[in-house]
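Reading the structure
What follows is each chain in one-letter form.
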Amino acid sequence: MSGTAGNGPRGPRTPTVAQLRAFVAVAEHRHFREAAAATGTSQPALSGSVAALEESLGAQLVERTTRRVIITPLGERVLDHARRVLSSLHALTEEVEAARRPFTGPLHLGVIPTVAPYLLPAVLRLVRESYPELELHVHEERTPSLLEGLAGGRLDVLLLALPSGGGSPTRDIPLFDEDFVLVTPPGHPLAGRVDVPRDALLDLDVLLLEEGHCLRDQALDICREAGNERAGGSTRAAGLSTLVQLVAGGLGVTLLPVTALDVEAGRTDRLAAVRFAAPAPGRRIGLATRPGSARTPEYDRFAESLRGALRGLPVRIVEQADGL
């Protein structure tokens, strides 16, 4: 024999689950420090896992710059595979847990920022009273990040505006429909009215949230339908609390979901609410899960319980038969 086994070049080694999780976290956050914080690991450990993955595969997956991380073209392809692998592993453990005992163990709930402060009290009370053995973990993130987390198995169920959209399919479970309310300074000509047509938005300076919020996109659509192409302007806010303060300061008006009205506008007497004539513009809020999840029956029961817990809000509950 002219050679011995093992003298040739080594091929790629099988990555570990920890390495794949680290790489997916870095790809989602595009920043090592933020990815480490999101996964509860140290930045050196996270960086070491990504480097070990690159060494195992014999390929560069990320470009490290001083400000952010860039995923290489090959890294994007590896990322798709990594997400599928992690999703399959999550589905395996999820199915075992669901069969063992429903409504027990960890449940990672993702919530968008324009819903979290107004619905979480009811959600947390429901879990505490009806599902005491459920270990609820809440993640407040914008819609794109939530959908990535759901597809990759980091999150189990999302509470957000429907349809959820995104690149990966979801199973959407509607909970309720709610109207938008126009918020103005108290001296505004429309202040206090309850029959305002949508086209009244045409001549208004409508302030919006910054890019990345689904509520911004919804408000933009409403303004454009009314013929207002200049909504948003150069003044934007990171959250609804800041947005209403800008209105109180006389910089314009804004659109709020009715579930946020009492919390955000009730903090000052420098705001007034304006109700639209029917049919008022609005949005649908619901849950989104992975299609085919082993916990689908649990999520349906949870949604039904949640509808009951939310009946005291100024919303229109969507019964399951209406939305599925």
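So, how was this worked out
Residues numbered from 1 in each chain as written. Predicted model: local features only at pLDDT ≥ 70, side-chain atom pairs only at ≥ 80, totals over all residues. Heavy atoms only, no water. Helix = DSSP H or I, 4+ residues; strand = E, 2+ residues; numbered from the N terminus. Buried < 20%, exposed > 50% of the residue type's maximum accessible area, 1.4 Å probe, protein only. Contact = heavy atoms within 4.5 Å. Areas by Shrake-Rupley, 256 points an atom, 1.4 Å probe, with all protein chains shown as cover. Lys, Arg positive; Asp, Glu negative; His and termini not counted. Charge placed at Lys NZ, Arg CZ, Asp CG, Glu CD. pLDDT = per-residue confidence, 0-100. Axes fitted to C-alpha atoms, helices over the stretch in contact; angles between N-to-C directions. Parallel < 35°, antiparallel > 145°, perpendicular 65-115°, else oblique. Left-handed = near helix turned anticlockwise from the far one by under 90°. Nonpolar A, V, L, I, M, F, W, Y, C, P; charged D, E, K, R; others polar. Salt bridge = Lys/Arg side-chain N within 4 Å of Asp/Glu carboxyl O. Phe/Tyr/Trp six-rings, centres within 6.5 Å; stacked < 30°, edge-to-face > 60°. Polar contact = N/O pair within 3.5 Å; in protein donor to acceptor, adjacent residues only side chain to side chain. Patch = residues over 30% accessible without salt bridge, like charges linked within 9 Å, V, L, I, M, F, W, Y side chains within 5 Å.

**Thoughts on the overall build of the protein**
Along the protein, the regular secondary structure elements total 11 helices and 12 strands. Dimensions of the protein, computed from the C-alpha atoms along their principal axes, are close to 95 × 45 × 30 Å. In the protein, buried positions account for 47% of the 324 residues. Across the protein, the fraction of contacts at a sequence separation of at least 24, relative to all contacts at a separation of at least 6, is 75%. In the form shown here, the protein has an accessible surface area of approximately 15,900 Å², with 52% of it arising from carbon and sulfur atoms. The distance from the centre of the 35 positive side-chain charges to the centre of the 39 negative ones in the protein is 4 Å.

**Examining the confidence of the model for the protein**
Residues with a pLDDT of 70 or more make up 94% of the protein, whose mean pLDDT is 88. This model gives residues 1–8 a pLDDT under 50, and the stretch forms 0 contacts once residues within four places in sequence are excluded.

**Some remarks on the packing of helix α1 (residues 17–29) against helix α3 (residues 43–57)**
For the pair α1 and α3, the least separation of the axes is 8 Å and the interaxial angle reads 110°. The angle between α1 and α3 places the two elements in the roughly perpendicular class. Between α1 and α3 lies a crossing whose hand is left-handed. Residues Ala18, Gln19, Leu20, Ala22, Phe23 and Val26 of α1 touch α3, and the partners they reach there are Leu46, Ser49, Val50, Ala52, Leu53 and Ser56. Here the residues of the contact of α1 with α3 are counted per class, giving 9 nonpolar, 3 polar and no charged.

**Thoughts on helix α6 (residues 143–152)**
Those residues of α6 not exposed but buried are Thr143, Leu146, Leu147, Gly149, Leu150 and Gly152. Just downstream of α6 lies Gly153, where phi reads positive at about 90°.

**Here's the deal with the pattern of salt bridges**
Overall, the coordinates contain 19 salt bridges when judged by the stated rule. Between Glu178 and Arg283 there is a salt bridge; the shortest N-O distance is 2.9 Å. Residue Glu178 is found in strand β6 (residues 171–184), and its partner Arg283 is found in strand β11 (residues 282–289); the two are separated by 105 residues along the sequence. As far as burial versus exposure is concerned, Glu178 and Arg283 are alike and both buried. Put simply, Arg230 and Asp205 hold a salt bridge, and the shortest N to O gap is 2.5 Å. Placement of the pair is Arg230 in the loop between α7 (214–225) and β8 (236–237) and Asp205 in the loop between β6 and β7 (206–209), with a sequence separation of 25 residues. Judged by its relative accessible area of 45%, Arg230 falls in the partly exposed class. Members of the salt-bridge network, linked through shared partners, are Glu28, Glu141 and Arg154.

**A word on the packing of aromatic side chains**
By the definition in use, this model includes 2 aromatic pairs. Judged by centre distance (4.3 Å) and plane angle (15°), the rings of Phe103 and Tyr131 are stacked. Pair noted here: Phe103 is in the loop between α4 (73–100) and β3 (105–111) and Tyr131 is in the loop between α5 (116–130) and β4 (134–140), with a separation of 28 residues, a long-range link. For the pair formed by Phe103 and Tyr131, the shared burial category is buried. A centroid spacing of 6.1 Å and a plane angle of 50° characterise the contact between Tyr131 and Phe302, whose relative ring orientation is tilted. Of this pair, Tyr131 sits in the loop between α5 and β4 while Phe302 sits in helix α10 (residues 296–309), and the two are 171 residues apart along the sequence. Neither residue differs from the other here; Tyr131 and Phe302 are each classed as buried.

**Details of the environment of Glu178**
You can call Glu178 buried: its relative accessible area is 1%. For the pair Glu178 and Val258, spaced 80 residues apart in sequence, the C-alpha to C-alpha distance is 6.4 Å. Those residues within four positions of Glu178 in sequence are excluded, and the remaining contacts are Pro257, Val258, Thr259, Pro281, Gly282, Arg283, Ile285, Val315 and Arg316. Reaching out from Glu178, the side chain makes a polar contact with the backbone nitrogen of Val258 at a distance of 3.4 Å. Looking at Glu178, its side chain comes within polar contact range of the side chain of Thr259, at 2.7 Å.

**Points about a nonpolar patch on the surface**
A contiguous nonpolar surface patch, about 190 Å² in accessible area, is contributed by Val17, Val85 and Leu89. Among the secondary structure elements, Val85 is positioned in helix α4.

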